[in-house]
Amino acid sequence: MKVVVILVAVVTLAVGDAFVCKEGESYKENNCNNCGCFNGNLGCTMRLCESGLTKQMLKCKVGTMSTNACNSCWCVENLGTICTNNKC
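Residues numbered from 1 in each chain as written. Predicted model: local features only at pLDDT ≥ 70, side-chain atom pairs only at ≥ 80, totals over all residues. Heavy atoms only, no water.

A. Focus on the sheet that holds strand β6 (residues 80-84). With antiparallel pairing, the 6 strands of this open sheet are ordered in space as β3-β2-β1-β6-β5-β4. At either margin of the open sheet sits one strand with a lone partner, and together these are β3 (41-44) and β4 (65-68). For this sheet, the mean inter-axis angle between neighbouring strands, taken without regard to orientation, is 35°. The pairing of strand β1 (residues 26-29) with β6 spans 3 bridges and is classified as antiparallel. Paired with Tyr 27 across the bridge in β6 is Thr 84. (Pairing = 2+ DSSP bridges. Helix = DSSP H or I, 4+ residues; strand = E, 2+ residues; numbered from the N terminus. Axes fitted to C-alpha atoms, helices over the stretch in contact; angles between N-to-C directions.)

B. Summary view of unusual backbone geometry. Positioned with a positive phi, Asn 31 is a non-glycine residue whose angle comes to about 60°. In this fold, Asn 31 is placed in the loop between β1 and β2 (33-38). With a phi angle near 55°, Asn 39 is a residue other than glycine that sits in the positive phi range. Take Asn 39: its relative accessible area is 73%, and that puts it in the exposed class. (Buried < 20%, exposed > 50% of the residue type's maximum accessible area, 1.4 Å probe, protein only.)

C. Structural detail: the nonpolar core. Formed by Phe 19, Cys 21, Tyr 27, Cys 35, Cys 37, Trp 74, Val 76 and Ile 82, the largest nonpolar core amounts to 8 residues. Put simply, the parts of the chain that give this core at least two residues each are β2 and β5 (71-76). (Core = buried A, V, L, I, M, F, W, Y, C linked by side-chain atoms within 4.5 Å.)

D. Inspection of the state of the cysteines at higher detail. Under the definition given, this model contains 6 disulfides. Bridging Cys 35 to Cys 44, the disulfide has an S-S length of 2.0 Å. Taking the torsion about the S-S bond as the criterion, the Cys 35 to Cys 44 disulfide, at about 105°, is right-handed. Residue class for Cys 35 comes out buried when judged on its relative accessible area of 7%. (Disulfide = S-S within 2.5 Å.)

E. Layout of the pairing of β6. Most of β6 is tucked away, with 5 of its 5 residues classed as buried. Counting the residues that bridge the hairpin from β5 to β6 gives 3 residues, and of these Asn 78 lies at a positive phi of roughly 70°.

F. Quick look at the environment of Asn 68. With respect to the helices and strands, the residue Asn 68 is situated in strand β4. When its relative accessible area of 40% is taken as the criterion, Asn 68 is described as partly exposed. The spatial distance from the C-alpha of Asn 68 to the C-alpha of Thr 84 is 9.0 Å, given a sequence separation of 16 residues.

G. Spatial organisation of the packing of aromatic side chains. Under the counting rule described, the total for this entry stands at 2 aromatic pairs. Measuring from ring centre to ring centre gives 5.3 Å for Phe 19 and Tyr 27, while their planes differ by 85°; the resulting arrangement is edge-to-face. According to the relative accessible area criterion, Tyr 27 is buried, its value standing at 2%. What links up through ring pairs into an aromatic cluster is the set Phe 19, Tyr 27 and Trp 74. (Phe/Tyr/Trp six-rings, centres within 6.5 Å; stacked < 30°, edge-to-face > 60°.)

Set out below in structure tokens:
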């Protein structure tokens with residue numbers, strides 16, 4: 001049963017329908033706030049971010065995926081752009 005659930009999560013990420021955070025993975029919200037995955041929920045710092053890049057990342061099209069250097073990014077409703085936070 002666990003194998004089926006894992007395969008479904010991988011397919012969801014591959015087609016870009018929804019962002020699903022992975023336990024232990026670190027993320028960046030709109031190139032500003034640091035985020036982590038806790039029990040399947042994304043938790044982020046709440047710094048005030050007003051750069052032009054942050055504002056642009058908030059205007060992404062929900063459901064789209066992109067890359068930023070070596071990081072994968074997703075546009076998430078009510079959050080903007082969420083990217084993995086790997087050191088490239």
